[in-house]
Amino acid sequence: MNPTFNSKNERPWLIENHKRRSDRATRIGKETIDLLIKRRIPITYSNVAQWSKEVDAEGKGIHSNTIRVNEQLYEYYKQHSKTFKQKENSQG
């Protein structure tokens, strides 16, 4: 039996699924950035995406665009990325 909802936009399972995926991306992204710092590898979108497969137990990793759209991960990335800071300083 399918549950009925008052609104077509009311999909509580999607909210839960999105939160779980977002939390996973944040955790894997931060662990990857920490690993890159430890190994003295530049913190770039492509390096985080590439190395995240090593950190992820499932071996999937995260996509480089995930860093931009995940607010918590993006803030962490900005704190540690020298290329981001160089780009920011050259514009100001």
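It should be noted that the structure appears before, not after, this text.
Residues numbered from 1 in each chain as written. Predicted model: local features only at pLDDT ≥ 70, side-chain atom pairs only at ≥ 80, totals over all residues. Heavy atoms only, no water.

Caption draft 1: Representation of the overall build of the chain. Along the backbone of the chain there are 5 helices and 0 strands. Helices and strands appear in the chain in the N-to-C order α-α-α-α-α. Long-range contacts, defined as pairs at least 24 residues apart, comprise 46% of the intrachain contacts of the chain with a sequence gap of at least 6. Working note: accessible area of the chain is about 7200 Å², and carbon and sulfur atoms make up 48% of it. (Helix = DSSP H or I, 4+ residues; strand = E, 2+ residues; numbered from the N terminus. Contact = heavy atoms within 4.5 Å. Areas by Shrake-Rupley, 256 points an atom, 1.4 Å probe, with all protein chains shown as cover.)

Caption draft 2: Summary view of the nonpolar core. Of all hydrophobic cores here, the largest spans 14 residues; its most connected members are Ile33, Leu36, Ile43, Val48, Ile62, Ile67 and Tyr77. Where this core is concerned, the elements lending two or more residues are helix H1 (12-38), helix H2 (45-55) and helix H4 (71-80). Per-element tally for this core: the top contributor is H1, with 4 residues. Dropping the residues within four chain positions of it, isoleucine 62 is found in contact with Arg24, Ala25, Ile28, Gly29, Val48, Ala49, Ser52, Ile67 and Leu73. (Core = buried A, V, L, I, M, F, W, Y, C linked by side-chain atoms within 4.5 Å. Buried < 20%, exposed > 50% of the residue type's maximum accessible area, 1.4 Å probe, protein only.)

Caption draft 3: Main features of the packing of H1 against H2. Following both chains from N to C, one finds H1 and H2 inclined at 105 degrees, their axes separated by 9 Å at the closest point. Here H1 is positioned roughly perpendicular relative to H2, judged by the angle of their axes. Judged by residue contacts, Ile28, Glu31, Thr32, Ile33, Leu35 and Leu36 of H1 engage Asn47, Val48, Trp51, Ser52 and Val55 from H2. Here the residues of the contact of H1 with H2 are counted per class, giving 7 nonpolar, 3 polar and 1 charged. (Axes fitted to C-alpha atoms, helices over the stretch in contact; angles between N-to-C directions. Parallel < 35°, antiparallel > 145°, perpendicular 65-115°, else oblique. Nonpolar A, V, L, I, M, F, W, Y, C, P; charged D, E, K, R; others polar.)

Caption draft 4: Geometry of the side chain of asparagine 70. With respect to the helices and strands, asparagine 70 occurs in the loop between helix H3 (64-69) and H4. Note on asparagine 70: relative accessible area 7%, which makes it buried. Side-chain polar atoms of asparagine 70 contact the backbone nitrogen of leucine 73, separated by 3.1 Å. Apart from residues no more than four positions distant in its own chain, asparagine 70 is found in contact with Ser22, Ala25 and Thr26. (Polar contact = N/O pair within 3.5 Å; in protein donor to acceptor, adjacent residues only side chain to side chain.)

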